[in-house]
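Chain residues, written in single-letter form:
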Amino acid sequence: MTLTSSAMPTPSPVSLQLARRMSRMKTSAVREILKVAERPDILSFAGGLPAPELFPVEAIAQAHAEVFAKEGPAAMQYSTTEGYGPLREWICGHLAQRGLPATLEQVIITAGSQQGIDLVAKVMLDPGDVVVVENPSYLAALQNFDGYEARIEVVGSDDEGMRVDELAELAARFPLKLIYIVPNFQNPKGTTLSLARRHALVRFAQRHGVLILEDNPYGELRFRGEALPSLASLDDSGVVVQLGTFSKTLAPGLRIGWAVGSREMMRALTVVKQSTDLHTATLAQRATARLLKQFDYDRHVTRLCAVYGERCQTMLDALEAHMPEGTRWTHPDGGMFLWAELPRGMRGEDILPRAIEQKVAFVPGNPFFAAHPRSECIRLNFSNRPPELIEEGMQRLASVLAAQ
Ligand code: PMP
C-alpha cells in the first residue's frame, strides 16, 4: 500500500510505501456512515458511549486540583512504566474483593484496556500465529490482531457466550497462541460466559498451553443476576491475563486501565510498554488514585448499574412492543449493548442509510465477525440515552423495518 502525500505545498506529491500490515487494516464503509450518525439531530445507538451525565466530573476535577496543589512537580514528571504505586495498590484491593488476590508486581497500569490488548498482542504474536476469538467479537481487538499479522480463527457463540467446546477441533488443526474473550456482557452481543464454560475454558488453556486474554471492561456493570468468577480467578498457572479499565465506571477520557497476570507476563508487558509510551500519563494516574481515596466508587458503580439496568429494560420493552415479527435480540445482564437479529432477508448495512433518514442509527453487525458475517445482525447501545429517547429511537427503528 502506498500513501501519496501532498499536505505540504510541494511541487509534486511524494509516494510513500507503507508497512505491509496496513493493507490488512481496512477502514470500513460503516465507519463512514457512522460519522453521519454523530450528527446532533440523529438519535444514535451506534457508539459504545457511557452516559455522559453520570461522569463524576466534579470529583475528577477536584482530584486533579488537589494533585496540582499538593504534588504538582511529581505529577508533571516522567514516571515508572508499571504505573503509580498507590493506584496499583487500590487495584490490588479491588481485585482481592472480587476473588482475585494479586501482588503489586502482578498489576500494571495501561492507557485503557485497549492498550492492554495491544501490549499482550505485541508480546505474544508473531505473523501467522493463531488467535482465537468468538464470532462476533470486539472490533478493535480484531483490528489490533490484524495489525500484528496474526491469523484469526473463530469459534461460535450463543446465549452462554463463547462455544468453548469448539476449541478442541481448532487445536487439532493449528497450534493456538492466544484466546481473546470478553466474558462479561460482551461487545457486541451483551452475552455472558456461563460458569461451566469458564471452568472448561481455563482447563483447556492450561492443558494446551494457550494464553487467555480476558478483557473485562464491563464486568462491574452488572444490573441483573449473580457475579460469576473471573477466568483469572479460576487459574492458578499463569495462563490468564485479565484487563480492567476505569473507562466504563469513571470516564473513558481518563485513559486509565490495568492488566493483571503472572509476574513474568507483567515484566514482558512492561518491556513493550516502555517502548510504546514510556508510561501512562502521570497526572491522570495520580488524580485517579486521589479520586478513589476520597470518592465512594462502589456507590457510584451501584448507581451506574441502576441507570443502565433501567435503560436496558426500556430498550427490551420497546423492542418487544414495536419490532416486527421475526426480530430477535439478546437479554444482557449488564454492560452497554444488546444484539438484535433482523427479520429474514433484512441486512443491517442496507437498513442503516434508511434509518439515518429517519434520524436513528445503530451499528450493522458485519464488521464484528472475523469470519462468516451475518448481515442481519445489528448492535444497539443502551447506556448513552435516557429512557424516553430509547423508546422514541426504537419506535423510529421499528417503523424503518416495517417499511421494508
Ligand atoms: N475492550 C472492549 C470489549 C471494549 O468494548 C472497549 C471499549 N469500547 C475496550 C476494550 C477499550 O476500552 P478502554 O481502552 O477505554 O478501556
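Residues numbered from 1 in each chain as written. Predicted model: local features only at pLDDT ≥ 70, side-chain atom pairs only at ≥ 80, totals over all residues. Heavy atoms only, no water.

**Q** Explain the domain arrangement of the chain to me, using residue names and the numbers behind them.
**A** Taken domain by domain, the chain consists of domain 1 (25-55 + 299-403) and domain 2 (77-294). If you average the C-alpha positions of domain 1 and of domain 2, the two centres end up 25 Å apart. Buried area between domain 1 and domain 2, summed over both chains or domains, comes out near 2,600 Å², and the portion from carbon and sulfur atoms is 64%. Counting every contact that joins domain 1 to domain 2 gives 11 residue pairs in polar contact (both at pLDDT 80 or more). Going through the elements one at a time, α11 (297-322) and β14 (337-341) are the ones with two or more residues in the side of domain 1 that touches domain 2. No other element matches α11, which puts 9 residues into the side of domain 1 that touches domain 2. In the side of domain 1 that touches domain 2, the residues fall into 20 nonpolar, 9 polar and 4 charged. (Domains from an automatic or database assignment. Buried area = accessible area lost by both parts, 1.4 Å probe. Polar contact = N/O pair within 3.5 Å; in protein donor to acceptor, adjacent residues only side chain to side chain. Helix = DSSP H or I, 4+ residues; strand = E, 2+ residues; numbered from the N terminus. Nonpolar A, V, L, I, M, F, W, Y, C, P; charged D, E, K, R; others polar.)

**Q** Any details on the sheet that holds strand β12 (residues 257-260)? Residues and values, ideally.
**A** Pairing in this open sheet of 7 strands is mixed, and the strands run β4-β12-β11-β10-β9-β5-β6 from one edge to the other. Edge positions in the sheet fall to β4 (107-110) and β6 (151-155), since each has one partner strand and no second. Strand-to-strand twist of the sheet, defined as the mean angle between neighbouring strand axes without regard to direction, takes the value 25°. In the sheet, strand β5 (residues 130-134) pairs with β6 via 5 bridges, with the strands oriented parallel. Across the sheet, the residue bridging to Val130 is Arg151, located in β6. (Pairing = 2+ DSSP bridges. Axes fitted to C-alpha atoms, helices over the stretch in contact; angles between N-to-C directions.)

**Q** Describe the nonpolar core, listing the residues and the values that go with them.
**A** One finds Phe145, Tyr308 and Leu380 to be the most contacted residues of the largest nonpolar core, which totals 129 residues. When residues of this core are assigned to their parent elements, the largest contribution, 11 residues, is made by α11. Two domains each donate at least three residues to this core, and these are domain 1 (25-55 + 299-403) and domain 2 (77-294). In this structure Phe145 touches Ile117, Ala121, Leu125, Val131, Val133, Ala150, Ile152, Leu178, Tyr180 and Leu213, once residues within four positions along its chain are discounted. (Core = buried A, V, L, I, M, F, W, Y, C linked by side-chain atoms within 4.5 Å. Buried < 20%, exposed > 50% of the residue type's maximum accessible area, 1.4 Å probe, protein only. Contact = heavy atoms within 4.5 Å.)

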